Structure formats: structure tokens, C-alpha cells
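Below are the chains, spelled out letter by letter.
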Amino acid sequence: MLLASAPAFGEMSKLWGAAGEAWTPTSRLPDYSHAGYHAGEAPLPEVPVVANVTDFGAVGDGVTDDTDAFAAAIAAAKNGAVLIPAGRYVITDVLRISKSNVVLRGESSGPDGTVLFITKSLADVYGPDPEWSWSGAFIDIRPAQEVIATTATAVMTAASRGDTSLTVASTAGLAEGQLVELHQVDDGSGSLGRHLHNDQAEAGDCSYMVPLNLHSPVRIRSINGGVVTLTQPLRTDVSLTWSPELQTHEVVEEVGVEHLRIEFIQVPYAGHLKEPGYNAITFFAVADSWVRDVTIVDADSGIFTGPYVKGLTFQDIALQGRQGHHGIALSYSADVLVRNFNIANTWMHSLTVSARASGNVFSRGTSAELLVLDHHGDSPFENLFTQLSAYTFVGSGGEECTGPHGGARNTYWNLAAPMDVPLLWGHVQSNVVGEGLIVSDALTEDAQWYETVSALGPANLYEAQTSRRFCQDVSNACNLGVYEPEAASCSQSPRPRGTACDDGDPDTDGDACSEGVCAGTSSSGCSYGPAAPWRGSSPLVLSLLLAISAAAASRRRGPLRSTRGIPVSA
């Protein structure tokens with residue numbers, strides 16, 4: 001099995017190549033590998049149960065109001081999960097999680113599993129407000145007090161996009177592993193907004209965007225003297241004209257919502273911007289948290305994120321029921337990973353990025369309707385959409401004063417054909433790569449990049465970039481480490497047949513991967529031989545390769561054959 005034929009590999013993009021050899025950290029193709037819980041460096045945890053809602057009076061009979069019991073269980077929980085056994089629990093008020101290390105855990109997201117049946121809207125609870133159309137939810141995760149950012153230190157020297165270090169005035173109060181905000185504010189010239197559009201367009205001029213502020217959540221890897229090294233490259237330049245500084249603020253971490261179903265009372269959709277607020281989950285000032293295996297039914301909006309959000313994972317999400325407004329909407333947020341989701345109903349905006357959201361990834365999503373990839377204005381930049389079902393950009397919203405729908409370097413990689421392009425803002429350095437583009441190729445240096453590639457490989461850019469980042473050191477000549485997000489670890493899979501390699505024999509040329517082995521032909525036309533055993537192969541692979549080598553030596557008159565009887569020689 002180790003020597004079975006490698007899977008067929010299609011064409012490659014000029015932006016990436018086969019395994020990232022055409023890519024650099026300063027490329028117009030951003031690095032999306034830091035998206036998700038702990039930047040992909042740890043799997044979603046399975047924390048112990050520390051409370052059970054039934055111990056606080058929850059009944060789960062579909063009739064009794066269990067809201068107070070849920071609130072009491074959440075208040076009592078410390079460093080663990082609040083278990084919600086299978087049942088139908090009536091919820092009539094907002095459930096707040098305002099502390100770290102608390103998980104709401106049901107027993108199943110199916111109709112017969114753990115169901116939170118929400119019978120009211122936010123308008124019923126708090127009174128009518130237009131904001132319920134785009135904010136607020138019945139599971140509300142945020143710090144207990146108002147979040148106020150405090151200046152920690154000024155940044156003293158300029159830096160470029162792709163850099164990983166900053167020189168600061170003082171490191172007092174900073175620590176390795178700390179999450180901070182790199183804050184920059186426009187100097188009145190509009191240059192910061194233009195920079196977020198690669199100087200291809202002006203940013204918006206809504207009152208709440210002037211002057212334009214950019215909060216970039218970053219984590220400190222190390223501190224050496226006055227130099228702070230970050231765990232990931234900068235997504236923008238740092239200019240002294242934008243008064244850069246590092247700020248700190250309260251944040252909630254390690255919060256999860258998992259294995260449950262949220263159903264709202266069945267009422268007709270009220271209409272666009274008339275929604276009373278049947279909204280499921282929201283995050284504000286939250287890091288390294290998750291929503292896993294959750295089904296949301298008959299909602300006005302599914303999941304919202306807001307300011308000061310970084311490193312969340314939403315996976316195995318299902319949206320069902322009647323029409324709604326926002327399916328999953330990311331605003332002001334960075335490095336959120338949305339993966340393995342299914343949308344069965346109709347939304348005004350299926351997936352939304354807005355308000356300077358950056359580094360977010362939507363991966364492996366399907367929908368019964370066209371996915372509306374909503375770019376809602378206010379400079380969302382460097383977001384990735386990869387391996388999604390049929391989609392459209394029609395339905396992108398936002399006020400006219402928010403400027404172009406999208407900022408620089410948003411990327412659409414291997415989406416279902418025909419691949420649409422963002423015609424209203426594609427010139428803002430958008431990257432559209434895959435099969436079946438509806439326009440001619442346009443491979444510009446600074447504006448749009450529309451590249452038709454048949455059977456694009458790699459099929460999923462996020463997974464390819466995480467593999468390159470985490471697994472590069474475990475690669476050998478013909479086996480490339482592949483990152484497994486569920487386990488946050490690397491496995492090995494054969495490199496594509498024909499990939500150039502070095503078999504370790506200076507007497508051969510034309511070295512290429514074949515049947516999981518690096519082999520080459522000599523100038524005298526010898527048959528392929530196995531890879532040299534000192535080139536990083538595992539002991540099991542080495543023993544198999546040595547056995548193949550011995551067998552080849554005993555029958556030099558004929559071609560070496562694989563275990564499937566397919567000739568390996570050229």
C-alpha cells in the first residue's frame with residue numbers, strides 16, 4: 001500500500017505551484033495557515049464535564065422554561081463543560097458566557113438530541129432595534145465588562161507586510177504568548193484605507209469609518225530587547241504616519257458551543273432589515289474558541305463575530321429552515337476558520353466578511369442554494385474561500401458609504417464551476433483561481449488575478465498552506481507531510497507522480513517521483529531504482545525499499561514492476 005500509485009494531480013497555479021515553491025510570504029497570495037483555534041497548532045479540546053443543567057433544575061420537556069437553570073449552570077461552571085443531556089429545552093432569554101474555559105456541550109445536534117428551543121426574539125427581550133438585523137444573539141460570548149483597549153507601547157519603526165517583528169518603545173507589561181492589538185489610525189490623508197485596497201481604491205467615508213482605525217490582533221512569540229517577534233506575518237504595512245501602537249484589552253478564551261441544536265419558534269421571515277433578532281450565537285472580544293457540530297434552524301441570523309475576535313473555529317455547522325439574513329458573518333475579526341459546513345436554506349447573505357475582517361477562511365462548504373459570498377464593505381481584506389459549492393457575489397451588501405465591497409487580496413480558490421469573479425471590486429488585487437472561470441485570464445501584477453486551472457492542485461489552499469507550514473520538516477523525496485486539522489498533526493502521503501526529486505545517486509538523471517519512490521534514469525538508460533535509504537524515509541519504508549532494490553538486482557534484464565504489475569521504467 002505504501003507503494004501504491006499516487007493520486008492523479010491536475011494543473012498548478014502560478015501563485016502557488018505544487019507545494020508552495022512558487023509562493024513567498026510577501027506574495028499577493030496571502031498566508032491563510034494561521035486561521036482557526038490556536039492557529040491550527042492544537043486540536044479542538046475535549047474538556048471534562050463540571051456541571052449538568054439538570055442539576056440546576058433544567059427539565060428539557062419542551063414546555064418548562066429552562067433559562068434560569070442554564071444561567072445558573074453556566075455561572076457555576078469553572079474550567080470545563082456544562083453538559084446538556086438530550087432533550088428539548090425552552091430558552092426565553094439571552095445566555096451569556098463572560099468567562100474563559102467554559103463549554104456548552106450537548107449530546108447530539110440531531111432532532112432527537114440536545115435542542116435549545118428559543119421561543120422569543122431579541123426584540124421581545126430588549127425591545128425593537130434595527131441592530132438586531134446584524135448583531136446580537138441568544139448565546140452571547142463576550143467579557144462581562146465593556147471592552148476598552150489600553151495603549152501598552154508605541155511602535156517605533158516602520159515595517160512591511162510579511163514582516164514578523166516590531167520595534168517598540170517599551171516592553172513593560174508585554175509577555176511571550178500574549179495576545180495584543182496592533183492599532184493604527186489614518187492620519188487624515190486616507191492613506192491607510194487606500195493601503196487596505198492595495199492603492200487601487202479609496203476606503204469608505206461613513207461617519208464611523210472616519211478616521212479609519214485598524215485593529216490587527218497579533219500574538220507575541222518572543223521579546224528580545226526592544227524587539228517584539230510575532231507568531232505570524234503582518235497582513236499590512238506598519239507606517240509611523242498611522243501612529244502604530246500595541247494595545248491590550250480583556251478577552252474571553254477557550255469557550256466552546258458543541259454537539260447541540262438551536263431551534264427558533266417557527267414564524268415567517270420578517271424581511272430584509274426588519275428582522276426582530278432570532279439570532280443564534282455571537283462572539284465579541286473572544287480568542288481561541290469554537291463552535292462544533294451545531295445545527296441552527298429557523299434563524300434570522302446564525303453566527304456573528306465582532307471586534308477583537310481572533311482564532312475561532314466553526315466546524316460541522318448546519319443551517320436549516322426558513323429564509324434568513326446572515327448565515328455566518330465575520331466583522332472586524334481575524335483568522336477565523338469556518339470548515340465542513342452545510343447550508344440547506346436560503347439567506348440574503350450566506351457568508352459575510354465586512355469591517356476590516358482579515359485572514360478568515362471558509363473551507364469545504366456546501367449549500368442547497370447558491371452560496372452568497374457577501375462582501376459587505378468597509379475593507380474586508382485577505383480572506384479565503386476554498387472548495388465551496390456553487391456561489392454568487394450577487395447579494396453583497398453594505399451601505400454605499402462603506403466603499404468597495406472588498407479590500408485587497410481576497411482569494412477564491414477552486415470553487416465550484418462556473419467560477420464567478422467579483423466584477424465590482426475584482427481590480428482590488430482579487431485572486432480567482434480554478435476551473436471554469438466565466439472571464440478570460442487576467443494575470444496582472446497589482447490588480448486582478450483571474451487564472452483558469454483545470455483540476456487545480458492543490459484543491460484546498462488552506463490545507464495546502466497548513467501542510468507547508470507545519471509539515472515541511474517531515475517531508476522526504478517523494479512523501480509530503482499533510483496536515484490533519486482534526487488532530488493538529490502531520491501525516492505522510494505520496495507526492496504526485498512526476499514531481500522532481502533527487503534519488504541520492506549522482507549517476508542518474510531525470511529523477512522524479514514514481515510509485516511513492518524517487519527514481520531516475522542514468523545516461524545509459526538504466527531502469528528506475530529506489531530512493532537512497534538515507535533520504536529521510538521511515539524504517540518501514542526503508543525495509544520495503546531495500547527489498548525492492550534486491551529484487552531489482554535479481555532481474556536487471558526486465559523493468560522493475562510495482563506491486564500492481566505496472567512497469568516503473570521510462
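Residues numbered from 1 in each chain as written. Predicted model: local features only at pLDDT ≥ 70, side-chain atom pairs only at ≥ 80, totals over all residues. Heavy atoms only, no water.

### Concerning the state of the cysteines
Okay, step 1: Overall, the coordinates contain four disulfides when judged by the stated rule.
Okay, step 2: In this model, C471 is linked to C490 through a disulfide, with the two sulfur atoms separated by 2.1 Å. On the sign convention where negative is left-handed, the bridge of C471 and C490, at about -90° about the S-S bond, is left-handed. Within this pair, whereas C471 is found in helix α4 (residues 461–471), its partner C490 is found in strand β34 (residues 489–494), the two being separated by 19 residues in sequence.
Okay, step 3: Judged by relative accessible area, which is 34%, C490 ranks as partly exposed.
Okay, step 4: Here C478 engages in a disulfide with C513; their sulfurs sit 2.4 Å apart. (Disulfide = S-S within 2.5 Å. Helix = DSSP H or I, 4+ residues; strand = E, 2+ residues; numbered from the N terminus. Buried < 20%, exposed > 50% of the residue type's maximum accessible area, 1.4 Å probe, protein only.)

### Concerning the pattern of salt bridges
Okay, step 1: This structure, assessed with the given rule, holds 20 salt bridges.
Okay, step 2: One salt bridge connects E46 with R105, and the closest N-O pair in it is separated by 4.0 Å. Placement of the pair is E46 in the segment before β1 (49–52) and R105 in strand β6 (residues 102–105), with a sequence separation of 59 residues.
Okay, step 3: Given the relative accessible area of 57%, E46 is considered exposed.
Okay, step 4: A cluster of three or more residues bridged by salt bridges with shared partners is formed by R161, R235, K310, D335, E382 and R409. (Salt bridge = Lys/Arg side-chain N within 4 Å of Asp/Glu carboxyl O.)

### A few points about the sheet that holds strand β8 (residues 139–141)
Okay, step 1: In spatial order, the strands read β5-β8-β17-β20-β22-β24-β26-β28; together these eight strands make up an open sheet with parallel pairing. Each end of this open sheet is capped by a strand with a single partner; those strands are β5 (95–97) and β28 (391–392).
Okay, step 2: Strand direction decides the pairing type here: strand β20 (residues 301–305) and strand β22 (residues 324–331), joined by four bridges, are parallel. By the bridge assignment, S301 is partnered in β22 with H326. (Pairing = 2+ DSSP bridges.)

### Here's the deal with the environment of S135
Okay, step 1: One can find S135 in the loop between α2 (122–126) and β8.
Okay, step 2: Since its relative accessible area comes to 21%, S135 is described here as partly exposed.
Okay, step 3: As for S135 and S301, which are separated by 166 residues in sequence, their C-alpha atoms are 8.6 Å apart.
Okay, step 4: Leave out the neighbours within four places in its chain, and S135 touches L122, N279 and F304. (Contact = heavy atoms within 4.5 Å.)

### Concerning the pairing of β6
Okay, step 1: Going residue by residue along β6, you find V102 and L104 tucked away on one face and V103 and R105 tucked away on the opposite face as well.
Okay, step 2: In this sheet, β6 lies alongside strand β3 (residues 80–83) in parallel orientation, the contact comprising four bridges. Residue pairing for β6: L83 is matched across the bridge by R105.

### So, the nonpolar core
Okay, step 1: Formed by 74 residues in total, the largest nonpolar core has its most connected members in I141, I281, F283, F314 and L373.
Okay, step 2: When residues no more than four places from it in sequence are discounted, the contact partners of I141 are I97, V252, V255, V257, I281, T282, F283, F284 and V286.
Okay, step 3: Y32, V361, V453 and L456 belong to the second largest nonpolar core, which has 17 residues in total. (Core = buried A, V, L, I, M, F, W, Y, C linked by side-chain atoms within 4.5 Å.)

### Considering the sheet that holds strand β10 (residues 165–167)
Okay, step 1: Overall, antiparallel pairing links the six strands, which are arranged β9-β14-β11-β12-β13-β10 in an open sheet. Pairing within the sheet leaves two strands with one partner each, and these edge strands are β9 (150–154) and β10. Pairwise comparison of adjacent strand axes, ignoring direction, gives a mean angle of 45° for this sheet.
Okay, step 2: Inspection of the sheet shows strand β11 (residues 179–185) paired to strand β12 (residues 213–224) by seven bridges, in the antiparallel sense. Paired with L179 across the two strands is R219, which belongs to β12. (Axes fitted to C-alpha atoms, helices over the stretch in contact; angles between N-to-C directions.)

### Thoughts on the packing of aromatic side chains
Okay, step 1: What the rule picks out here adds up to 14 aromatic pairs.
Okay, step 2: Taking 5.5 Å as the distance between ring centres and 85° as the angle between the ring planes, the aromatic pair formed by Y37 and W290 counts as edge-to-face. With Y37 in the segment before β1 and W290 in strand β19 (residues 290–297), this residue pair connects regions lying 253 residues apart in the sequence.
Okay, step 3: W290 gets classed as buried once you look at its relative accessible area, which sits at 1%.
Okay, step 4: Pairing F362 with F385 gives two aromatic rings, centres 5.0 Å apart and planes at 10°, and the pair type is stacked. Here F362 is found in strand β25 (residues 361–367), whereas its partner F385 is found in strand β27 (residues 384–388), with 23 residues between them in sequence. A single burial state applies to F362 and to F385, both of which are buried.
Okay, step 5: An aromatic cluster of at least three residues, connected via ring pairs, comprises F362, F385, Y391, F393, Y412 and W425.
Okay, step 6: The ring of F117 has R88 sitting right over it, with the charged end atom 4.4 Å from the ring centre. (Phe/Tyr/Trp six-rings, centres within 6.5 Å; stacked < 30°, edge-to-face > 60°. Lys NZ or Arg CZ within 6 Å of the ring centre and 35° of its normal.)

### Quick word on the confidence of the model for the chain
Keep in mind that low pLDDT regions are not for reading the predicted coordinates in detail.
Okay, step 1: Of the residues in the chain, 89% have a pLDDT of 70 or more, and the chain-wide mean is 89.
Okay, step 2: Within the model, the stretch residues 1–9 combines pLDDT values under 50 with 18 contacts to residues more than four positions away or in other chains.
Okay, step 3: Predicted confidence is poor over residues 523–570, with pLDDT under 50, and the contacts of this stretch with residues over four places away or in other chains come to 64 contacts. (pLDDT = per-residue confidence, 0-100.)

### Focus on unusual backbone geometry
Okay, step 1: The linkage connecting A417 with the following residue, P418, adopts the cis geometry, with an omega of 0°.
Okay, step 2: Take P418: it is sitting in the loop between β29 (411–413) and β30 (431–434).
Okay, step 3: Geometrically, the link from G457 to P458 is a cis peptide bond, its omega value of 0° lying close to zero.
Okay, step 4: By the element assignment, P458 lies in the loop between β32 (449–452) and α4.
Okay, step 5: Here D316, not a glycine, exhibits a phi torsion of approximately 55°, which is positive.

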